[in-house]
Amino acid sequence: MTLTIEHLGQWQRTHNCGSLTREHTGEKVLIMGWVLRRRDHGGLIFVDLRDRWGITQVVFNPERDSGSHQKAEDLRSEYVIAVRGEVIGRPQGMVNRELPTGEIEVLVDDLRILNSSLTPPFAIDEREGPEVAENVRLKYRYLDLRRQSLRDNMVLRSLVSKWVRDYFYSEGFLEIETPFLTKSTPEGARDYLVPSRVSPGRFYALPQSPQLFKQLLMVSGYDRYFQIVHCFRDEDLRADRQPEFTQIDVEMSFITRDCLFGLMEGLMADIFPRALGIDVQRPFPRLTYSESMARFGLDRPDTRFAMELVDLTGPLGRSDARLFVDTVDGGGVIKGLNVKGQESMSRRELDDLTEFVSIYGARGLAWFKGAQDGWKSPLAKYIDDDLRGEIAQAADFSDGDLLLVIAGSEDLVNESLGQLRVHLAQRLGLIPEDQYHFLWVVDFPLFEYDKDAGRFNSMHHPFTSPLEEDIPLLATDPGKVRARAYDMVLNGAEIGGGSIRIHREDVQSRIFKLLNIGPEEAREKFGFLLDALQYGAPPHGGIAFGLDRILMILTGAESIRDVIPFPKTQRATCLLTDAPSPVDPDQLVELGIRLRK
RNA sequence: GGGGUCGUAGUUAAGUCGGUUAUAACGCCGGCCUGUCACGCCGGAGGCCGCGGGUUCGAGUCCCGUCGACCCCGCCA
């Protein structure tokens, strides 16, 4: 016999599937949802009915209504149904403590089957089995989104957006939209381009961020702007990077850095307690970029554990080990990591660590084990007792400890040792997962030197203001100039970054010149900004947070894809829609585009 | 552009040194079952071993190529 799909008719929901409790006992209710699971006892049929609010057990009893009981025999997973019935308290001993609605069930008087469903390729009930391969989940994303863990993430995402809006509105901010079809700018990430039909051969770019528009809004006097906005960058993906992602974008006029910090700390102190029930200590600690690099090797330090980097350039540079001496002669540095109590680490494990740091260009990883009968290390014989004493003191190195050492250029040593620090902490379980360490990293360099191109690039972006006391250095030693730029860091992840901007045209032009952007190029690319700066641009600055990254931390997600409803694969494709896809040749003709073979 | 992990029923996995009919669990289908809640019991169906080529008497297994998912380096102002 064939299944009959029924119309909804005049039926209206009285409750959702998460709302019924013991207090509703005896009430006639009408609920609708998806069949999560059917348990057919021949006589009784139980159905776990699911919607986005929860799960309610409904019972079909032939003695109550034989018609609906008979229809219920045809129900399968993910059929869409509506049931009318009575809320009854569950009999003694049959309460389900796992469910918020577990004290009651709905005894069905009438059933309408609103839609059938193919058997889903994977169980919607996540208790069913192990994790499903991600390509299957992405192809059937609409089914994956039905599952509890993804749904929880989407619900939190919605709430966080609302809390952000509430916070900024209460602080007097305006939410203003900026264009998605805009002008390509040369700096920064690769642009996503959109061809113009009306102007053949010309292209819009999707914004990497609303940076210039929010600065223009400050010139317009729309002090205290924010926006929750999509941004686009055509770069390769990572576990925490998608080609389109969401920023909480903020800009303010007439502010000091400290004023902005206070407001943004307030935002975090609003969101995190709501989401996680934790306290957020304010003010956040501040670390200069150079201190962060020296102590943690990275510009986004995870301060939930110690194991800081130790500079051993002095003592090891005076040792008899050729490697170390040569490094110092070549202007390099030698730094170490004291891994407390890991003296027993095996050769095999040390090889793994050596391989790990080689990813970041480290040529090798020297190790010293502290034992009662002296140091154990292939290099021990090159280091005399005086130097050992010096090193032991500098690194707090004693019996039972493992000292890992890397020599090379400062950048390389910091990067590889900083990554190793985090890697080891994860492996050794040194990270307290229930802690949330916010901090600011400040005073970034304004420029970084591009060896290949032989010129300076902006570290943040070209509109970042230098520290006032460093402005004279622009003429003499640009590499030393510090920027009024800052990052907010949480548990070793950069969750936001910003700067006080340049608001004077003369300073902006000077920076462009240092960046090798000539006056003509500057005019062509940023002329509108340079013009605007000459019409009474106020001092201003701002910040942008990565909403997706914040959500990753709030949800404990390992992949950014788990906090985005419809994410893309690592090759930036969408397995659900099969985008990107070829287009009709007529569309290309209309755009004046011919594909190269 | 580069390095790595993986790809076997719908799903998750096993598959030895290359050997005869490719296993299991869950799911699915049929039957039984009035208190289950990841129900239970009995029975059944289900495979382009990602794809293409090669080696071999013989390939899920070895080799080459290719496609796809994931992680990382480069890249990401």
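The rules behind the values
Residues numbered from 1 in each chain as written. Chains lettered and ligands numbered in written order. Predicted model: local features only at pLDDT ≥ 70, side-chain atom pairs only at ≥ 80, totals over all residues. Heavy atoms only, no water. Buried < 20%, exposed > 50% of the residue type's maximum accessible area, 1.4 Å probe, protein only. Helix = DSSP H or I, 4+ residues; strand = E, 2+ residues; numbered from the N terminus. Pairing = 2+ DSSP bridges. Near = heavy atom within 4 Å. Polar contact = N/O pair within 3.5 Å; in protein donor to acceptor, adjacent residues only side chain to side chain. Axes fitted to C-alpha atoms, helices over the stretch in contact; angles between N-to-C directions. Domains from an automatic or database assignment. 1 Å grid on protein atoms, 1.4 Å probe; cavity = no way out; pocket = protein on both sides within 12 Å on 5 of 7 lines; lining within 4 Å. Points joined across faces, edges and corners; volume = space filled by probe spheres on them. Parallel < 35°, antiparallel > 145°, perpendicular 65-115°, else oblique. Left-handed = near helix turned anticlockwise from the far one by under 90°. Contact = heavy atoms within 4.5 Å. Nonpolar A, V, L, I, M, F, W, Y, C, P; charged D, E, K, R; others polar.

### Quick notes on the pairing of strand β13 (residues 333–339)
Alright, step 1. By the criterion of burial, β13 is predominantly enclosed, with 7 of the 7 residues buried.
Alright, step 2. In β13, alternate side chains face the same way, and those of V333, K335, L337 and V339 on one face and I334, G336 and N338 on the other are all buried.
Alright, step 3. Two strands pair when backbone bridges link them, and strand β12 (residues 309–311) and β13 are joined in this way by 3 bridges, in the antiparallel orientation. Paired with D311 across the two strands is K335, which belongs to β13.

### Some remarks on the protein's contact with RNA strand B
Alright, step 1. What surrounds RNA strand B is a group of 50 residues, the closest being R37, E63, M94, S458 and H460.
Alright, step 2. The share of sugar and phosphate among atoms of RNA strand B within 4 Å of the protein is 54%.
Alright, step 3. Here a phosphate oxygen of RNA strand B sits 2.9 Å away from a polar atom, N or O, in the side chain of R76.
Alright, step 4. Contacts to RNA strand B include R90, whose side-chain N or O atom sits 2.6 Å from a base nitrogen.
Alright, step 5. When residues of the surface near RNA strand B are traced back to their parent elements, those giving at least two are β1 (28–40), β2 (45–51) and α2 (134–139).
Alright, step 6. No other element matches the 3 residues that β1 contributes to the surface near RNA strand B.

### Quick word on the sheet that holds strand β4 (residues 80–89)
Adjacent strands of a sheet pair through backbone hydrogen bonds, lying either parallel or antiparallel.
Alright, step 1. Pairing is mixed around the closed barrel formed by 5 strands, whose spatial order is β1-β2-β3-β5-β4. Adjacent strand axes in the sheet meet at a mean angle of 55° when their direction is disregarded.
Alright, step 2. Two elements, β1 and β4, share 7 bridges in a ladder whose sense is antiparallel. Paired with M32 across the strands is A82, a residue of β4.

### A closer look at unusual backbone geometry
Alright, step 1. With omega at -5°, the peptide bond leading from R282 into P283 counts as cis.
Alright, step 2. Within the secondary structure layout, P283 lies in the loop between α6 (257–276) and β11 (286–288).
Alright, step 3. Put simply, A579 and P580 share a cis peptide bond, and its omega is -5°.
Alright, step 4. Positive phi is not limited to glycine here, since R224 has a value of about 65°.
Alright, step 5. By the secondary structure assignment, R224 is in the loop between α5 (211–219) and β9 (225–232).
Alright, step 6. Residue F254 is not a glycine yet carries a positive backbone phi of 55°.
Alright, step 7. Note that F254 resides in the loop between β10 (244–253) and α6.
Alright, step 8. On the basis of relative accessibility, which here comes to 64%, the residue F254 falls in the exposed class.

### A look at the environment of G364
Alright, step 1. Within the secondary structure, G364 sits in the loop between α10 (347–358) and β14 (366–371).
Alright, step 2. The class of G364 is partly exposed, set by a relative accessible area of 27%.
Alright, step 3. It is 6.1 Å that separates the C-alpha atoms of G364 and T354, two residues lying 10 residues apart in sequence.

### Quick look at the domain arrangement of chain A
Alright, step 1. Along its sequence, chain A is organised into domain 1 (22–115), domain 2 (151–287 + 439–563) and domain 3 (305–431).
Alright, step 2. For domain 2 and domain 3, the distance between their C-alpha centroids amounts to 37 Å.

### Some details on empty space enclosed by the protein
Alright, step 1. Applying the stated criterion across every chain, the model contains 1 cavity of 30 Å³ or more.
Alright, step 2. Its boundaries defined by the atoms lining it, the largest cavity holds a volume of some 30 Å³.
Alright, step 3. Around the largest cavity, the lining residues are L138, R141, F566, P567, C574, L575 and L576.

### Thoughts on the packing of helix α4 (residues 148–170) against helix α16 (residues 547–555)
Alright, step 1. In the contact formed by α4 and α16, the axes pass within 11 Å of each other and the chain directions differ by 125°. Here α4 lies oblique to α16, going by the angle between them. Here the hand of the crossing between α4 and α16 comes out right-handed. Taking contact as the criterion, the partners of N153, L156, R157, V160 and S161 in α4 are, on α16, L547, D548, L551, L554 and T555.
Alright, step 2. For the contact of α4 with α16, the per-class residue count stands at 5 nonpolar, 3 polar and 2 charged.

### Some thoughts on the pairing of strand β18 (residues 447–450)
Each regular strand shows side chains that alternate between the opposite faces of the sheet.
Alright, step 1. The pairing of β18 with strand β19 (residues 455–458) spans 4 bridges and is antiparallel. By the bridge assignment for β19, E448 is matched with N457.

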